[in-house]
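Fold and contact review
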Amino acid sequence: MRKTFFALAIFLFNSLPLLAQNQREQTSQFGAFIDGGLNFHNANFQTLPGVPSCCPRYESGIGLGINSGGFYDLLMDSPFSFEFRLGYSTIGGTLKADEATTVIVNDLPTTGMFEHTVAASVGLLGFSPLIKYSVFKQLIFMGGPTIGWITSNTFSEKEVLLQPESAGTFENGLRTRNNYSGQTPGASNFYASLNAGIQYKLPFNSSGTMFLLPEALITYALTPIVKGMNWHSNSIKIGVALQYALFKDIPQPVAPPPPSPPPPPVVVTKPIPPVLTATLQMAMIDTDLTEKPLRELVIEDYIRTQYRPLLNYIFFETGSSDIPLRYHRLSQTQAQSFTASRLNEYETLPLYYEVLNIIGKRMNEYKDGKLTIVGCNDDLAVEKGNRSLSRTRAENVFNYLKDTWQIAPSRMKIEARNLPEKPSTVSDTDGAQENRRVEIYSNLWRIIEPVLSTDTAHIPKPSVVRFIPSCVAEAGVRKWEVAAIESEKKLKDFSGKDSLPNRLDWELEKEHGIVLASLDTVSSTLSIGDKIGQETESQPVNLPVRHYTLEQKHREGSIDTIISRYSLILFDFDRGVLSEANRRIADFVKDRITDEARVSIFGYTDRIGTDEYNRQLSESRARSAQKYIGLDRAEVKGLGRRILLYDNSLPEGRFYSRTVTIIVSTPTRR
């Protein structure tokens, strides 16, 4: 090792005379390069467009690539120069995501693990204009963009049952499923990235016209691999460039006179900077909404039964009759393999976006079912009195069910009107957005009844964690951020400018179950930046996480709890009376409450209205449900809009937020 080091040092020392020649001037240079790359994929998606997948989320991947081509350098009378590269690159890689779940083997729950894999093969022809800066003529820094055209983009996907290793198959009788490959759907054609790198220039011949330049580059992608999706391929590349240089002779410059002596130094006393400190504390919010000390976070597993209502409305953009892309649509072939069981792990809004497929599936199961499809508009501006737009909206829903799900036209009827029969308020933007919809009704309750599912729930205790940030910023707060991190992955962050709030609530119950099931110690910090550019960070607050799984409960023979959650929606706007659909759900609930069960009834609203009015309205709805069920012992609370259950910027989020949730906890010994 020492011999190699000394040999390299002697080689570099002997190279300096060749590189330092000042008897001639370089006029131009060109050459070729080849690099090997390590591609780092970062992503945030569940499935490729139109490709079935059960993956909860792809987040990262890795792959090998190659980058080769030619270049031409435009030299300047300074350490700066410009280099223009034209080359071919491969930026593909393989993304994997493990999905932990509970499966039943020999009638016992056991831990299962699915591995989801999607591999992409991507090639592109790119042009890179780079700025280069030479240090001592040997060490060179460079950076700039790459723009190019993607010449090939294919994929392959599969899902493998990893655990249990000795038992179990998917519904197809195999331990793999969802095997798909081909051209990547929705693939991007254009490619753009930013590059930064370093080279070291070594002479390659005695005349000093050829040079070997070992190089390393980092590439940060600006465009996604698939249009509209969060999927990028960044790279670290290491390789070598071979450069040929042309020179012209220049006269030896006359040595300049020695410089004048520098002036004596001026001593400046730095002022004491303004104080900047940051402190972070954490607390829990109890069920009575009081603040209490937080010592640990417990994630407890329960068998959960959910009876989730199906919102039978499809919402549209202003003046448009196209079904929005957030509603999941299938091909005829995909519809044939669609099953309701695949929806068990879906959260409420992703489940709602399958509404057209659920209705189509049920219409094929219940042949005596019929549909009435009612198109509506907001009766404002471009939609004022525009019943033809309402009809076109209904026809698009009609055609999807007819073409994809093969529902006979004789079983569906179209109606068109301006405002819905029970419209939302037309005096604000939210109400107008809710009135632009198609309503789907059926003669059979089974067609539009709620979705019943059973799965393993990972329930956080407490359900709400409160951050209590504070700071001293004599120069004033410019920016702030509270971040919760687990294993270098950011789970939650709050940020803002100027004033720092004194309370921030993290609603853990809204996190995806897979995230909660894998939590370890959570570390949280407060970062503060003041108005003169100073920055500081609080000491981290570490929150231990303890898991209490179904398997532990089974081994201990402890008393477990089956949690059943039922939701009532479609309350008339600003009213608390139960609709016919809600009474059907309440009847379903009544038959499933035992004497030992603990029942909690919570009322919620959307963001429209004041806090106090919404609290009273939500409590009125919860009391109506309690009265109809006839259960005086139930815990009843109206939470109003203090907890917004879903995204209230969407009309469906507001409808699902106007809800009464009935939670039935039934003890059972495992």
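Described below are features of the structure shown in this document. Sequence order sets the numbering: in each chain, residues are counted from 1 along the sequence as written. Local features in this predicted model are restricted to residues whose pLDDT is 70 or higher, and side-chain atom pairs enter the listing and the counts only when it is 80 or higher, whereas totals over whole chains, interfaces and linings include all residues. Derived side-chain values reflect all non-hydrogen atoms in the structure, with water molecules and hydrogen atoms excluded from consideration.

**Digging into the environment of Glu434**
Using the following cut-off: Only DSSP runs of H or I reaching four residues or more are called helices, and only runs of E reaching two or more are called strands; each is numbered from the N terminus. Polar contact is the term for a pair of N or O atoms within 3.5 Å; when the atoms are in protein, one must be able to donate a hydrogen and the other to accept it, and sequence-neighboring residues count only if both atoms are side-chain atoms.
Mapping Glu434 onto the fold places it in helix H6 (residues 429-435). Taking the C-alpha atoms as reference, Glu434 lies 9.5 Å from Ile314; in sequence the two are 120 residues apart. Within the structure, the side chain of Glu434 is placed 2.7 Å from the side chain of Arg654, a separation counted as a polar contact. Polar contacts involving the side chain of Glu434 include one to the side chain of Arg658, which spans 2.6 Å.

**Some remarks on the side chain of Glu354**
Note the following rule: Think of it in three bands: with a 1.4 Å probe and only protein chains considered, a residue is buried below 20% of the maximum accessible area for its type, exposed above 50%, and partly exposed in between. For this count, His and the chain ends are skipped, Lys and Arg are scored as positive, and Asp and Glu as negative. What counts as a salt bridge is simple: a side-chain nitrogen of Lys or Arg found within 4 Å of a carboxyl oxygen of Asp or Glu. Whether two residues are in contact is decided by their heavy atoms: any pair within 4.5 Å suffices.
Residue position: Glu354 is located in the loop between helix H3 (348-352) and helix H4 (355-365). Put simply, Glu354 is tucked away with no salt bridge, and the nearest opposite charge, on Arg342, sits 4.6 Å away. Excluding its chain neighbours within four sequence positions, the residues that come into contact with Glu354 are His328, Phe338, Leu343 and Tyr346.

**A closer look at the pairing of strand E18 (residues 437-442)**
Using the following cut-off: Think of it this way: DSSP has to see at least two bridges between two strands before they count as a pair.
The buried fraction of E18 is high, at five of six residues. For strand E15 (residues 313-315) and E18, the ladder comprises three bridges, and the chain directions are antiparallel. Within the sheet, the bridge partner assigned to Phe315 lies in E18 and is Arg437.

**Focus on the side chain of Glu434**
When its relative accessible area of 0% is taken as the criterion, Glu434 is described as buried. Residues contacting Glu434, with those up to four places away along its chain left out, are Phe315, Ser424, Pro651, Arg654, Phe655 and Arg658.

**Structural notes on empty space enclosed by the protein**
Operational definition: Put simply, the grid is 1 Å and covers the protein atoms alone, a cavity is a trapped set of points that fit a 1.4 Å probe, a pocket is an open set with protein on both sides within 12 Å along at least five of seven lines, and lining residues have an atom within 4 Å of a point. Grid points are joined across faces, edges and corners, and a volume is the space filled by probe spheres set on the points.
Within the structure shown, the criterion is met by two cavities of 30 Å³ or more. What the largest cavity holds in volume is close to 210 Å³. Along the wall of the largest cavity there are 20 residues; nearest its centre are Asn67, Ser89, Ser128, Thr146 and Lys237. Counting only elements with at least two residues in the lining of the largest cavity, the list comes to strand E3 (80-90), strand E5 (108-135), strand E8 (190-200), strand E10 (210-221) and strand E11 (231-249).

**What to know about the environment of Asn178**
Examined against the element boundaries, Asn178 turns out to sit in strand E7 (residues 176-183). A sequence separation of 161 residues divides Asn178 from Thr339, and the C-alpha atoms of the two residues are 14 Å apart. Within the structure, the side chain of Asn178 is placed 3.3 Å from the side chain of Glu159, a separation counted as a polar contact.

**Remarks on helix H11 (residues 611-629)**
Stated formally: In this scheme, a helix's expected span is set at 1.5 Å multiplied by one less than its residue total.
Spanning 19 residues, H11 covers 27 Å between terminal C-alpha atoms, matching the ideal 27 Å at 1.5 Å per step. Within H11 the residues assigned to the buried category are Asn614, Leu617, Ser618, Arg621, Ala622, Ala625, Gln626 and Ile629. Once H11 finishes, Gly630 follows within two positions and takes phi at roughly 75°, a positive value.

**A short note on the nonpolar core**
Quick reminder of the rule: Buried Ala, Val, Leu, Ile, Met, Phe, Trp, Tyr and Cys residues that are joined via side-chain atoms within 4.5 Å together make up what is termed a nonpolar core.
Ile314, Ile359, Leu371, Ile373, Val397 and Leu401 are the most contacted members of the largest nonpolar core, which totals 39 residues. Elements with a contribution of two residues or more to this core: E15, H3, H4, strand E16 (371-375), helix H5 (387-405), E18, helix H7 (445-448) and helix H12 (651-657). The biggest single contributor to this core is H5, with six residues. In this view, Ile314 contacts Ile323, Tyr327, Tyr352, Val355, Leu356, Arg436, Arg437, Val438 and Ile440; residues no more than four positions away in its chain are not counted.

**Regarding the state of the cysteines**
In plain terms, the rule: Defined by distance alone, a disulfide is two cysteine sulfur atoms within 2.5 Å.
All told, the structure shown has zero disulfides when counted by the stated rule. Left without a disulfide partner, Cys54 is nearest to the cysteine sulfur of Cys55, which lies 9.1 Å away. When its relative accessible area of 30% is taken as the criterion, Cys54 is described as partly exposed.

**Some thoughts on the pairing of E10**
Because side chains alternate across E10, one face comprises the buried residues Phe211, Leu213, Glu215, Leu217, Thr219 and Ala221, and the other comprises Met210, Leu212, Pro214, Ala216, Ile218 and Tyr220, none of which is buried. Relative to E10, E8 runs antiparallel, the two being bridged by seven bridges. Looking at the pairing, Gln199 lines up with Glu215 of E10. The sheet contact formed by strand E9 (residues 202-203) and E10 spans two bridges and is antiparallel. Within the sheet, the bridge partner assigned to Leu202 lies in E10 and is Leu212.

**Let's talk about the environment of Thr47**
By the element assignment, Thr47 lies in the loop between strand E1 (24-45) and strand E2 (58-75). Relative accessible area serves as the criterion here: at 33%, Thr47 is assigned to the partly exposed category. Each C-alpha atom, one on Thr47 and one on Phe247, is 56 Å from the other, the two residues being 200 residues apart in sequence. Apart from the residues lying within four places of it in its own chain, the contact partners of Thr47 are Pro52, Ser53 and Met229.

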